Each structure stands twice: as structure tokens, then as C-alpha cells.
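# Examination of the molecular architecture
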Amino acid sequence: MAAAGAVLTVEDGVITSAGIGLTAIGAEGFHAPEAEELLMGRPPGAEAFAEAGRVAAEHCEPHADQRGPADYKRHLAAELTRRALTTAAGRI
């Protein structure tokens, strides 16, 4: 139905590079540049990742189809982004 992936670079305790890939949820160019930008210079953590998820969802334009309504897909964009960032941070 939807998928997200993320990669982070952290130096001196702050995010210096972030990449967020999204698919099947109406993300232009299959990524979330506004959410990536929001993370820059911030320490990795739950609050930053949840905010990035909200921003990613705001900038998606999902379409309702047999897999679900647009609102649910927007919710997925936020939650999957948050989870992908948490996983990426755990690999650092």
C-alpha cells in the first residue's frame, strides 16, 4: 500500500544530511524535501522524527483508491516516515 525509507548522517550530535523516500502516497518525486530540510541541524530523536512525519504528510497528495482513502494514506505517510527515521537513527 505504501512504503518509506530513510537515511541519516549525524555529526557532532546533529543531523547533517537526511533522505526520505516515499512511495504510493502521492509524494512528488517520491521523496519529502520539506521534511528532510526540517531535520537539518537538529539532534535525532522522537520529536524531530514525528515533526518530519507530519511535514511529509502535509506535502503528499494521495488519491483514494481500492487500497484506502486519501486521509488514511496521509496518516501512513506520517507514520511510515517517523518509523523509517527511527530505524535509520538506530543504525548510526
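Right, let's walk through the structure included here. (Residues numbered from 1 in each chain as written. Predicted model: local features only at pLDDT ≥ 70, side-chain atom pairs only at ≥ 80, totals over all residues. Heavy atoms only, no water.)

## Some words on the pattern of salt bridges
Once their charged atoms are close, side chains differing in charge can pair, the charge on each being opposite to the other. Inspection of every chain in the model, using the stated rule, returns 6 salt bridges. Among the salt bridges present, the one from Arg42 reaches Glu51, with a minimum N-O distance of 3.1 Å. Residue class for Arg42 comes out partly exposed when judged on its relative accessible area of 22%. Between Arg82 and Glu79 there is a salt bridge, with the nearest N and O atoms lying 2.5 Å from each other. You can see Arg82 and its partner Glu79 sitting in helix H3 (residues 70-90), 3 residues apart, about one turn around the helix. On the basis of relative accessible area, Arg82 is assigned to the partly exposed category, the value being 29%. The partly exposed category is assigned to Glu79, whose relative accessible area is 22%. Through salt bridges with shared partners, a single network forms among Asp65, Arg67 and Lys73. (Salt bridge = Lys/Arg side-chain N within 4 Å of Asp/Glu carboxyl O. Buried < 20%, exposed > 50% of the residue type's maximum accessible area, 1.4 Å probe, protein only. Helix = DSSP H or I, 4+ residues; strand = E, 2+ residues; numbered from the N terminus.)

## A closer look at the nonpolar core
One finds Leu8, Ile20, Leu22, Ala35, Leu39, Phe49 and Leu85 to be the most contacted residues of the largest nonpolar core, which totals 21 residues. Among the elements of the structure, strand S2 (14-23), helix H1 (33-39), helix H2 (46-58) and H3 are those that each provide at least two residues to this core. Sort the elements by how many residues they give to this core and H2 lands first, with 6 residues. (Core = buried A, V, L, I, M, F, W, Y, C linked by side-chain atoms within 4.5 Å.)

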